[in-house]
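Structural description and commentary
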Amino acid sequence: MPAPDQTAPTPSLPDDDAHHEAAGDVAVVVLAAGKGTRFRSDLAKVLHRAAGRTLVHHVLEAVRPLDVGQVVVVVGHQADEVGAEVEAAGLDGLSTVAQVDQRGTGHAVQQAMPALAEGIRRVLILPGDTPLLTPDALRGLFTATGGEVPASMLTTVFDDPTGYGRVIRSADGSVDRVVEQRDATPDELEVREGNAGMYLVDRGLLDDALTRLGDDNAQGELYLTDIVGILRGDGHAIAPVVAPESVIAGVNDRAQLAAAAAVLRERHLDHLLREVGVTVVDPVTTHLDVDVEVARDAVLLPGTILERGTRIGERAVVGPNCHLTACDVGPDATVHSTRAQDAVVGEGAEVGPFAHLRPGTRLGVATKVGAYVETKNVQVGERSKIPHLAYVGDTRIGTGVNVACGVITVNYDGRNKHRTTIEDDAFVGCDTMLVAPVTIGRGAYTAAGSTITDDVPPGSLAIARSRQVVKEDWVARQDDGR
Ligand code: UD1
Ligand code: CA
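Residues numbered from 1 in each chain as written. Chains lettered and ligands numbered in written order. Predicted model: local features only at pLDDT ≥ 70, side-chain atom pairs only at ≥ 80, totals over all residues. Heavy atoms only, no water.

1. Description of the coordination of the calcium ion (ligand 2)
Taken together, Asp129 (OD) and Asn252 (OD1) make up the protein donors of the calcium ion (ligand 2), found 2.3 to 2.4 Å from the metal. Here Asp129 is found in the loop between strand E6 (122-127) and helix H5 (135-145), whereas its partner Asn252 is found in the loop between helix H9 (245-248) and helix H10 (254-276), with 123 residues between them in sequence. For the pair Asp129 and Asn252, one class covers both residues: buried. (Donors = N, O, S within 2.8 Å, 3.2 Å for Na, K, Ca; no water. Helix = DSSP H or I, 4+ residues; strand = E, 2+ residues; numbered from the N terminus. Buried < 20%, exposed > 50% of the residue type's maximum accessible area, 1.4 Å probe, protein only.)

In structure tokens form, the structure reads like this:
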């Protein structure tokens, strides 16, 4: 490849140079039709999740930044579910094609070819079960073809290549063919260079090679890997690009799924530690989905699980022992030993220990939700507090409210849910039952132990309990002489 001329002005790239990168003439074909027998699962393999994202979605995220013209996903096993999942990823130019009988990876690509648009000149083929893939590894495939060779492929030198096709090279080091593990001779099994299953191929050559696949092999399938030997037999070079296992590893069983998820978590934590500036006290017990965002100077304490797009604001302290799903925690908030789902924790709020924030909980700025408090579908205004042992559901709480220990919103009558409103600066006394629908007016009080069934007007005190009766010397008057 000639070195670029540094002195000449290059207002636009000539055609040959454009081949060094992905462009509109590239179609990506993702193979996602297989069942994944080795998973022993009722769910299609590519729909299993690693670090919060399905395997096939991970592959699409590696493709997203590449600017390709078209993405075709081959679906078959649980086609509707896999189709819905890939469409939800929202990539431009994405469509699905069906592979009704799964007769091998070569057969899968055959189904995709008729769907390719006219302007497509190159095809990037990817498995749907390689969640560690990165855009940079794919860019390497484009660089390797350099406009001169018609095909490139990713390979890895494994410590243990078990399960992978072996890359067989000629004496001069060029790639000759790929042999599947089950078809390999003992000598070939000794080869540690494995096939990543990712190829960039000239469209015309691919079309031709696909018509020449046979199924005379251990699995009786049309192997895509055979195109390597076919192209080579026709005198075409396939440029190998060697990538690390941590990028191309395939997931064929649950052990590999767990290992891949660990790599994804580690990668994401590394980004937060080194590039964002987050303190993670114990990375081993801190499990974050890949779409979780944590801001600068936040602190994650041990035993913290953050899932489904949870966002943690600057200087917030989360943990130990928190499990937050789809939550938004504001700056300077603290969340301690808490389970929360679809909840918002406002700036400077304090939550826990041992709180359960259920969906629809919206805690305002500088609020407090303390020990053994459960909330659901609740808006809590600025500076309001629910410090201990309470259940508050289907409720709107104003600002500066105190909900004391043991308060329960009685929101369910056995058929319907009803709402409670607690206006600004109200004080709900200990052990109050608020039988909804009910409103506590602005600045009003309820007496401890009250069962409130009627609205309490602003500024008033409601007492709803029986008066205490004291029977003096009652014990001495008993016959049994206790
Ligand atoms: C494949 C390669 C192997 C390579 C490995 C890398 C072949 C024959 N073997 O093996 O050389 O080392 O990937 O990870 O290509 N699929 C379909 N339709 C089918 C069969 C499979 O869409 O009929 C899809 C699967 O859903 C999966 C992908 O193709 O996402 C790869 O299939 P899989 O069975 O996992 O192939 P490997 O045995 O891993
Ligand atoms: Ca595989």
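2. Some points on the packing of aromatic side chains
Following the criterion strictly, the structure yields three aromatic pairs and no others. With centroids separated by 5.4 Å and ring planes inclined at 15 degrees, the aromatic side chains of Phe354 and Tyr372 adopt a geometry described as stacked. Taken together, the residues Phe354 in the loop between strand E24 (350-351) and strand E25 (356-357) and Tyr372 in strand E27 (residues 368-380) connect sequence positions 18 residues apart. Take Phe354: its relative accessible area is 44%, and that puts it in the partly exposed class. On the basis of relative accessible area, Tyr372 is assigned to the exposed category, the value being 51%. Above the plane of the ring of Tyr412 lies Lys417, whose end atom (NZ or CZ) is 5.1 Å from the centre. (Phe/Tyr/Trp six-rings, centres within 6.5 Å; stacked < 30°, edge-to-face > 60°. Lys NZ or Arg CZ within 6 Å of the ring centre and 35° of its normal.)

3. Considering a nonpolar patch on the surface
Taken together, the side chains of Phe427, Tyr445, Leu461 and Ile463 define a hydrophobic patch exposed on the protein surface, amounting to about 400 Å² of accessible area. Relative to the helices and strands, Tyr445 is located in strand E35 (residues 445-446). The partly exposed category is assigned to Tyr445, whose relative accessible area is 44%. (Patch = residues over 30% accessible without salt bridge, like charges linked within 9 Å, V, L, I, M, F, W, Y side chains within 5 Å. Areas by Shrake-Rupley, 256 points an atom, 1.4 Å probe, with all protein chains shown as cover. Salt bridge = Lys/Arg side-chain N within 4 Å of Asp/Glu carboxyl O.)

4. With respect to the environment of Phe427
In this fold, Phe427 is placed in strand E32 (residues 427-428). Between the alpha carbons of Phe427 and Ala447 there is a distance of 9.0 Å; along the sequence they are 20 residues apart. Once residues within four sequence positions are removed from consideration, Phe427 is found in contact with Asn402, Ala444, Tyr445 and Thr446. (Contact = heavy atoms within 4.5 Å.)

5. Some details on the site of ligand 1
As a matter of local geometry, ligand 1 sits amid 22 residues, with Gln99, Gly104, Thr105, Glu180 and Asn195 nearest to it. Residue Lys45 places a side-chain N or O atom 3.3 Å away from an oxygen atom belonging to ligand 1. Summarising the interface, the protein chains cover 89% of the accessible area of ligand 1, which totals 760 Å² for the free molecule. Listed by contribution, the elements that provide at least two residues to the shell around ligand 1 are strand E1 (26-32), helix H4 (105-112) and strand E10 (193-202). Of the residues assigned to the shell around ligand 1, the class counts are seven nonpolar, 10 polar and five charged. (Near = heavy atom within 4 Å. Polar contact = N/O pair within 3.5 Å; in protein donor to acceptor, adjacent residues only side chain to side chain. Nonpolar A, V, L, I, M, F, W, Y, C, P; charged D, E, K, R; others polar.)

6. Focus: helix H3 (residues 79-88)
Every buried residue of H3 is listed here: Val82, Gly83, Glu85 and Val86. Along the axis of H3, the buried residues cluster in a sector spanning 165 degrees; they form a single face. Turned more than 90 degrees from where H3 packs its buried face, Asp80 and Ala88 sit exposed. In this structure, the buried residues of H3 make contact with E1, strand E3 (53-54), helix H2 (55-63), strand E4 (70-75) and strand E5 (94-98). Positive backbone phi, approximately 70 degrees, marks Gly90, located one or two places after H3. (Arc of directions from axis to C-beta.)

7. Topic: the side chain of Ser450
Secondary-structure assignment places Ser450 in the loop between E35 and strand E36 (451-452). Reaching out from Ser450, the side chain makes a polar contact with the backbone oxygen of Ala447 at a distance of 2.8 Å. Those residues in contact with Ser450 that sit more than four places away from it in its chain are Asp431, Thr432, Met433, Ala462, Ile463 and Ala464.

8. Some points on the packing of helix H7 (residues 203-210) against helix H8 (residues 226-233)
With their axes 10 Å apart at the nearest point, H7 and H8 run at an angle of 110 degrees to one another. The pairing of H7 with H8 is recorded here as roughly perpendicular in orientation. Here H7 contributes Leu205, Leu206, Ala209 and Leu210 to the contact with H8, which in turn contributes Ile227, Ile230 and Leu231. Per-class residue counts for the contact of H7 with H8 are seven nonpolar, no polar and no charged. (Axes fitted to C-alpha atoms, helices over the stretch in contact; angles between N-to-C directions. Parallel < 35°, antiparallel > 145°, perpendicular 65-115°, else oblique.)

9. Quick notes on the domain arrangement of the protein chain
For the protein chain, the domain assignment lists domain 1 (4-252) and domain 2 (255-462). A separation of 45 Å is found between the C-alpha centroids of domain 1 and domain 2. Opposite the 17 residues of domain 1 that make contact, domain 2 presents 12 residues. The contact between domain 1 and domain 2 buries some 1,100 Å² in all, and 67% of this surface belongs to carbon and sulfur atoms. Three residues, Ala51, Leu132 and Val251, lead the burial of domain 1 against domain 2; their summed loss comes to 43% of the area buried on that side. Joining domain 1 to domain 2, the criterion identifies zero salt bridges. At the level of elements, strand E2 (49-50), H2 and H9 are the ones that each hand at least two residues to the side of domain 1 that touches domain 2. (Domains from an automatic or database assignment. Buried area = accessible area lost by both parts, 1.4 Å probe.)

10. Regarding unusual backbone geometry
Cis geometry marks the peptide bond from Gly352 to Pro353; its omega dihedral reads 0 degrees. With respect to the helices and strands, the residue Pro353 is situated in the loop between E24 and E25. Omega for the bond connecting Ala436 with Pro437 falls within 30 degrees of zero, at 0 degrees, which places this linkage in the cis form. Within the element layout of this structure, Pro437 appears in the loop between strand E33 (433-435) and strand E34 (438-440).

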